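Summary of the model geometry
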Amino acid sequence: MPVAQLLLLTCLVWGLEARTAQLRKANDPSGRCQYIFSVASPSESSCPEEGQATSAIQDLQRDSSAQRADLESTKARLSSLEGILHQLALGQAAGPSQTHEGLQRELGTLRREREQLETQSRELEVAYSNLLRDKSALEEEKRRLGEENADLAQRLESRSQEAARLRKGQCPQDHSSSQDVPPGSGEVSKWNVETLNFQELKSELTEVPASRILKESPSGHPVNEEGDPGCGELVWVGEPLTLRRAETIAGKYGVWMRDPKPAYPHTRETTWRIDTVGTDIRQVFEYDGVPQFLQGYPSKVHVLPRPLESTGAVVYRGSLYFQGAESRTLVRYELTTEAVKAEKELPGAGYHGQFPYSWGGYTDIDLAVDETGLWVIYSTQGAKGAIVLSKLNPESLALEQTWETNIRKQSVANAFLICGRLYTVSSYSARDATVNFTYDPATGRSKALSVPFKNRYKYSSMVDYNPLEKKLFAWDNFNMVIYDIRLSRV
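Below is a short write-up of the structure. What you see is a predicted model; the values in this text were computed from it and never measured.

1. With respect to the overall build of the protein
- A count of helical and extended segments in the protein gives 4 helices and 23 strands.
- Out of the 490 residues belonging to the protein, those deemed buried represent 38%.
- Only carbon and sulfur atoms are counted for the fraction: they give 53% of the accessible area of the protein, which is about 28,600 Å².

This is how it looks when you write it as structure tokens:
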């Protein structure tokens, strides 16, 4: 019976690929019902012998074992899939908390991006405000230049008419005019009808009364009006005397200077000039004497090995001292050898727009000279924007002594030193400004002043003191001007 069942199972299995199958039902000789199921072989043309049938049955058993193994493998895979599905179900149960954390992180990122965008928006608003302010300043400057242009055109027309009259011999001789010319300026007392520029220069020189021009002592050193060569407190600043005007836009701001302690081959009349509008300021124009300076004929042009910044340079004892561009480094450049002799970083000093004067221009570091030597005017974060004053060694640029004042640097337009005292100017653009503060390092005290100071051209970007000539040198809106001063007696 088991063999018959096995045969029946074999037939069923093989019947999957069989071509035809038959089922017959009939009674056997004893009257019992029999079911006969016959399947045609797909490949055998005749039935094998008994041994062959046994071999076929064994093959079928092996195939059946292989199929059972495949079935067990499939069941194992199904179990593995059920395990994975279970883990996924657990993951979905824990998902809300993980999703919440992810959303929190995303929200934090978005908040940071929003803060960055708000910061950028504020910076753009500030930049826009600055642009509007600059635009207004440029429009005002354009209007002022237009007025100056019209005035110059009228003056040119007047000079042309005057020259025409002179050529026709209609100019009356005025011998008294020579008395208005200051001592030492005899060369301009001769009226040259062929040189209109010479006439313009004479007109400028005679704007200031001769009584206000410093007299020279027999030794050749200038003294003040009372003949006192000593020091004292500043009590008076005269009207500005215009010496010349810059030729190009690069001379809107600048610095000009003479050496109060000249070194050979330079003299007390040797003049240096630097136009400071631009990003790579390296040219220093040198003029052998005053006439060459007035006429604009330099004898030499120095090209500095590194660019300087702003209008804080000075010449002292044969060297040019300046601040390196975009740095707090002080540089000593020897003019005769045309070489850098010393460099020194100014500790903690603000630079490139951190603590400038009120007019800007990256005037964070301003060098100065007076009767006592070389100084530097600046500020630091520690001083919170107040003026810091340091005495410098002129050879090594080392700091010899430092004082911190209570005068805010950005509240004043310029500063200079006379006889060891610091003075500040109230405004760079108001026509009627004042020297408004002084600070005495000897006592550590400051006090308010009200000494009138004229900004004739309403944009003073540099004011320095020359202790040899006892005058203030200034650069006012393209114009190089000079001021007489008076000190109180000590």
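2. A few points about the nonpolar core
- Among the nonpolar cores identified, the biggest contains 28 residues, and W256, M257, I274, L304, A313, L320 and F322 are the most heavily contacted of them.
- Among the elements that take part in this core, strand β7 (residues 281–287) stands out by supplying 4 residues, more than any other.

3. Notes on the sheet that holds strand β14 (residues 373–378)
- Taking strand neighbours across the sheet as the criterion, the 4 strands line up as β13-β14-β15-β16 in an open arrangement whose pairing is antiparallel. If you trace the sheet from one side to the other, it starts and ends with β13 (366–370) and β16 (399–408), each paired once. With strand direction ignored, the average angle separating the axes of adjacent strands in the sheet is 25°.
- Note that β13 and β14 share 5 bridges and pair antiparallel. For A368, the partnering residue across the bridge sits in β14 and is W375.

4. Re the side chain of T270
- Positionally, T270 belongs in the loop between β5 (254–258) and β6 (271–275).
- For T270, a relative accessible area of 2% translates into the label buried.
- A polar side-chain atom of T270 sits 2.9 Å from the main-chain amide nitrogen of T267.
- If we ignore the near neighbours within four places in the chain, the residues touching T270 are M257, R258, D259, E286, Y287 and D288.

5. So, the sheet that holds strand β12 (residues 339–345)
- Taken in spatial order, the 4 strands line up as β9-β10-β11-β12 in an open sheet, and their pairing is antiparallel. Bordering the open sheet on either side are β9 (314–316) and β12, each of which pairs with just one other strand. Neighbouring strand axes in the sheet, compared pairwise and without regard to direction, differ in orientation by 25° on average.

6. Description of the packing of aromatic side chains
- As enumerated under the stated definition, the model contains 10 aromatic pairs in all.
- Seen in terms of ring centroids, W256 and F293 are 5.3 Å apart; in terms of plane orientation they differ by 20°. Their pairing is stacked. With W256 in strand β5 and F293 in helix α4 (residues 290–295), the pair connects residues that are 37 residues apart, well separated along the chain.
- Residue classification places W256 among the buried positions, given a relative accessible area of 0%.
- Look at F293 and you get buried, because its relative accessible area is 0%.
- Between W375 and W403, the aromatic rings sit 5.7 Å apart at their centres with planes inclined by 40°, giving tilted as the arrangement. Note that W375 is positioned in strand β14 and W403 in strand β16, a separation of 28 residues in sequence.
- Since its relative accessible area comes to 4%, W375 is described here as buried.
- Judged by relative accessible area, W403 falls into the buried class, the value being 16%.
- For K252, the ring lying beneath its charged end belongs to Y459, and the centroid distance is 4.6 Å.

Criteria and cut-off values
Residues numbered from 1 in each chain as written. Predicted model: local features only at pLDDT ≥ 70, side-chain atom pairs only at ≥ 80, totals over all residues. Heavy atoms only, no water. Helix = DSSP H or I, 4+ residues; strand = E, 2+ residues; numbered from the N terminus. Buried < 20%, exposed > 50% of the residue type's maximum accessible area, 1.4 Å probe, protein only. Areas by Shrake-Rupley, 256 points an atom, 1.4 Å probe, with all protein chains shown as cover. Core = buried A, V, L, I, M, F, W, Y, C linked by side-chain atoms within 4.5 Å. Pairing = 2+ DSSP bridges. Axes fitted to C-alpha atoms, helices over the stretch in contact; angles between N-to-C directions. Polar contact = N/O pair within 3.5 Å; in protein donor to acceptor, adjacent residues only side chain to side chain. Contact = heavy atoms within 4.5 Å. Phe/Tyr/Trp six-rings, centres within 6.5 Å; stacked < 30°, edge-to-face > 60°. Lys NZ or Arg CZ within 6 Å of the ring centre and 35° of its normal.

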